[in-house]
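Each chain, letter by letter, is given below.
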Amino acid sequence: MKSLYAGLLTVVLLASQAAWAQTPSAGPHFYALEHGVVEYEISGAVKGKEILYFDGWGMRQARYKTAETPRWGTTSTITLNLGAQITVVDPAKNLGQKMEDQNLKKLLESRKADDPQVVSLELFTQLGGKKIKTENFLDRPCDVWETTSPKMKVWMWNGISLKTEIDTPEGPVVYRAIQIDEASVIEEKVFVVPETVHFIKGDLNQILISKGRENGIKIAG
């Protein structure tokens, strides 16, 4: 169940159906914007902030997140989405984990190299997402999508989630965009994993909790 929540939330934060805001290039796209930066405030059962950097029409993304939960304590993570390849890093502990989105991989392999359509909408609908209405958020027209398992509602603009309300086992969590930069060209360094990171197998959160307990750090959960 935990992987279902994580996988669906990843798709939601990537995807939506929208009119092109810029002239698209050839090849698959996650977003209808070529590059940008979105800053989020996180509230509810999780509290913190996240900054999304993206280019290549969303096919390269970097999420820098600092959050606090009763279960995990305070954590900082970097999540890189490079096509179907996902890398999650805890920079404070120099630990990382690599994985592959198999559904996205299959979808990308089924598309022609010059197909510019947004693939993440198809991923989202495969997971049961349904558009329920159109509504403005931050003075931008958003398609509002909803899922029932897990229960979630997402406000999407040009393929980018501006607001997400999701029910988790720990309680409701809300991601809310507070600043959007559509003009900035993204520096390559945000997509680079530090050479000192040691990659591991298994659940990164569980490993970090075990290490914390070994070092006398009290972590709820």
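As a reminder, the structure under discussion sits directly above these lines.
In this report, we go over the structure that sits alongside the text. (Residues numbered from 1 in each chain as written. Predicted model: local features only at pLDDT ≥ 70, side-chain atom pairs only at ≥ 80, totals over all residues. Heavy atoms only, no water.)

Structural notes on the pattern of salt bridges
A full pass over the atoms with the stated rule returns 8 salt bridges. Notably, a salt bridge pairs E135 with K133, separated by 3.0 Å at the nearest N-O pair. On the basis of relative accessible area, E135 is assigned to the partly exposed category, the value being 30%. Classification of K133 as partly exposed rests on a relative accessible area of 35%. For the salt bridge of E182 with R140, the shortest nitrogen-to-oxygen distance reads 3.0 Å. Separated by 42 residues along the polypeptide, E182 in the loop between strand 11 (171–181) and strand 12 (198–199) and R140 in strand 8 (residues 140–148) bring together distant segments of the chain. (Salt bridge = Lys/Arg side-chain N within 4 Å of Asp/Glu carboxyl O. Buried < 20%, exposed > 50% of the residue type's maximum accessible area, 1.4 Å probe, protein only. Helix = DSSP H or I, 4+ residues; strand = E, 2+ residues; numbered from the N terminus.)

Focus on unusual backbone geometry
Here the residue pair S149 and P150 is connected by a cis peptide bond, since its omega of 5° sits within 30 degrees of zero. As for its position among the elements, P150 is in the loop between strand 8 and strand 9 (151–157). Even without glycine at this site, N94 takes up a positive phi of about 55°. With respect to the element layout, N94 can be found in the loop between strand 5 (85–90) and strand 6 (95–100). Relative accessible area serves as the criterion here: at 30%, N94 is assigned to the partly exposed category. A positive phi angle, near 50°, is found at N158, a position not held by glycine.

Quick word on the environment of A45
Position of A45 among the secondary structure elements: in the loop between strand 1 (36–44) and strand 2 (47–55). Sequence spacing of A45 and T69 is 24 residues, and the spatial spacing of their C-alpha atoms is 6.5 Å. For A45, the residues in contact, after removing those within four places along its chain, are E68, T69, P70, E170, G171, P172 and V173. (Contact = heavy atoms within 4.5 Å.)

Notes on the nonpolar core
Counting 33 residues, the largest nonpolar core has V38, Y40, F54, W157, I160, L162 and V173 as the members making the most contacts within it. Breaking this core down by element, the ones donating at least two residues are strand 1, strand 2, helix 2 (102–110), helix 3 (120–126), strand 8, strand 9, strand 10 (160–168) and strand 11. Here this core takes 5 residues from strand 9, the largest share from any one element. If sequence neighbours within four positions are ignored, W157 has contacts with L33, R140, P141, C142, L162, I180 and E182. (Core = buried A, V, L, I, M, F, W, Y, C linked by side-chain atoms within 4.5 Å.)

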